[in-house]
Amino acid sequence: MKDPMWITVFRIAHIAFGFAAFLVAPVALATVKGGKQHRRWGKIYFWMMAGVAATAVVLGIYRPILFLALLAVFSFYLAFSGYRVLFAKRPLQGQGPKLMDWVGAILVFVSGVALIILGLLKPTPAWTRMAPMALVFGAIGVIFGVKDVWRFLRPPQDRNFWWFSHMGGMLGSYIAAVSAFSAVNFRFLPPVVRWLWPTVIGTPLISIWITYYKRKFAKKNTIAIAA
């Protein structure tokens, strides 16, 4: 049965948003952090990821491919969390989480739990094939949801926390975008490899980058105190 025209439009839009996000993210990373160009390209990337997620949810429900819909929630939340933290840099001065932040954190937690449960139960052959990816992405979604709820309840004392949260969320969402690109285009690789290699490589790199900036900020603080 041929898909209706509106589904074809959504599929084309999904591909276009994903391709744009894939190309825009390196531009944002290459610009000066905090500068006008960085903010501009970062905002474009965020909205491209929003388009990816919105179209993926619609396509996932239509098929229906629940894995795609849940994965869309997970991948977009990384960008959403990394973007929203910019508006909550000073939680101790009243810049606390808004309703949308709570809703987002709860949704990604629920989506992560659902991915883990379905990955363990394997109710269909499709879930049997996707089980390793469901478990990995589900665990990451749960971790991000719990981590952000904890941050909402207990605002961090480190005034630079938002920098690390921003980096982790945005770079994590880009890993998700690369994963989707790899899954669609690198058919010569086994499914588990083409879905998970960006996470295996990217997660340690994010940790190294965040550790570098933590040490850099700590050194600046030490020099400032000494002066």
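Residues numbered from 1 in each chain as written. Predicted model: local features only at pLDDT ≥ 70, side-chain atom pairs only at ≥ 80, totals over all residues. Heavy atoms only, no water.

Caption draft 1: Seen up close, the overall build of the chain. Counting its regular elements, the chain contains seven helices and zero strands. Its C-alpha atoms give the chain a radius of gyration of 18 Å, within 12% of the compact-globule value 17 Å for 227 residues. Across its three principal axes, the chain shows a C-alpha extent of roughly 70 × 35 × 35 Å. In the chain, which comprises 227 residues, the share counted as buried stands at 42%. Residue pairs at least 24 apart in sequence account for 72% of intrachain contacts in the chain once pairs closer than 6 positions are excluded. Total accessible area computed for the chain in this model is approximately 12,900 Å², and 74% of it derives from carbon and sulfur atoms. Taking the average location of the 25 positive side-chain charges in the chain and that of its 4 negative ones, the two points are 8 Å from each other. (Helix = DSSP H or I, 4+ residues; strand = E, 2+ residues; numbered from the N terminus. Rg over C-alpha atoms; globule rule 2.2 N^0.38 Å. Buried < 20%, exposed > 50% of the residue type's maximum accessible area, 1.4 Å probe, protein only. Contact = heavy atoms within 4.5 Å. Areas by Shrake-Rupley, 256 points an atom, 1.4 Å probe, with all protein chains shown as cover. Lys, Arg positive; Asp, Glu negative; His and termini not counted. Charge placed at Lys NZ, Arg CZ, Asp CG, Glu CD.)

Caption draft 2: Spotlight on the packing of aromatic side chains. All chains considered together, the criterion is met by 25 aromatic pairs. Between W209 and Y213 the ring centres are 6.2 Å apart and the planes differ by 35°, which places this aromatic pair in the tilted class. With W209 and Y213 both in helix α7 (residues 191-226) and four residues apart, the pair spans about one turn of that helix. W209 gets classed as partly exposed once you look at its relative accessible area, which sits at 29%. Both rings, one in Y212 and one in Y213, keep their centres 5.1 Å apart while their planes meet at 80°; by these two values the pair is edge-to-face. Given the relative accessible area of 46%, Y212 is considered partly exposed. Among the residues examined, Y213 registers a relative accessible area of 12% and is labelled buried. When the ring centre of W162 is taken as origin, the NZ or CZ atom of K89, which lies over that ring, is 4.2 Å away. It is K147 that lies over the ring of F144; its NZ or CZ is 5.9 Å from the centre. (Phe/Tyr/Trp six-rings, centres within 6.5 Å; stacked < 30°, edge-to-face > 60°. Lys NZ or Arg CZ within 6 Å of the ring centre and 35° of its normal.)

Caption draft 3: Seen up close, the nonpolar core. In this structure, Y45, F67, F137 and W195 are the most contacted members of the largest nonpolar core, which totals 35 residues. Contributing elements (two or more residues each) for this core: α1 (5-30), α2 (36-62), α3 (66-84), α4 (99-121), α5 (125-153), α6 (161-185) and α7. The biggest single contributor to this core is α3, with nine residues. Beyond its immediate chain neighbours, meaning those up to four positions away, Y45 contacts A21, V24, A25, M170, S173 and Y174. Core analysis: the next-biggest nonpolar cluster, separate from the first, contains twelve residues, F161, F164, I206 and Y213 among them. (Core = buried A, V, L, I, M, F, W, Y, C linked by side-chain atoms within 4.5 Å.)

Caption draft 4: Region of the structure containing unusual backbone geometry. Here the amide bond leading from R63 into P64 is cis, since omega sits at -5°, within 30 degrees of zero. Its place among the elements puts P64 in the loop between α2 and α3. Phi at K122 is positive, roughly 50°, even though this residue is not glycine. For K122, the location among the structural elements is in the loop between α4 and α5. Take K122: its relative accessible area is 42%, and that puts it in the partly exposed class.

Caption draft 5: Representation of a nonpolar patch on the surface. Judged by side-chain polarity, I106, F109, V110 and V146 come together as a nonpolar surface patch covering roughly 340 Å² of accessible area. With three residues, the top contributor of residues to the nonpolar patch is α4. Its location among the elements puts V146 in helix α5. (Patch = residues over 30% accessible without salt bridge, like charges linked within 9 Å, V, L, I, M, F, W, Y side chains within 5 Å. Salt bridge = Lys/Arg side-chain N within 4 Å of Asp/Glu carboxyl O.)

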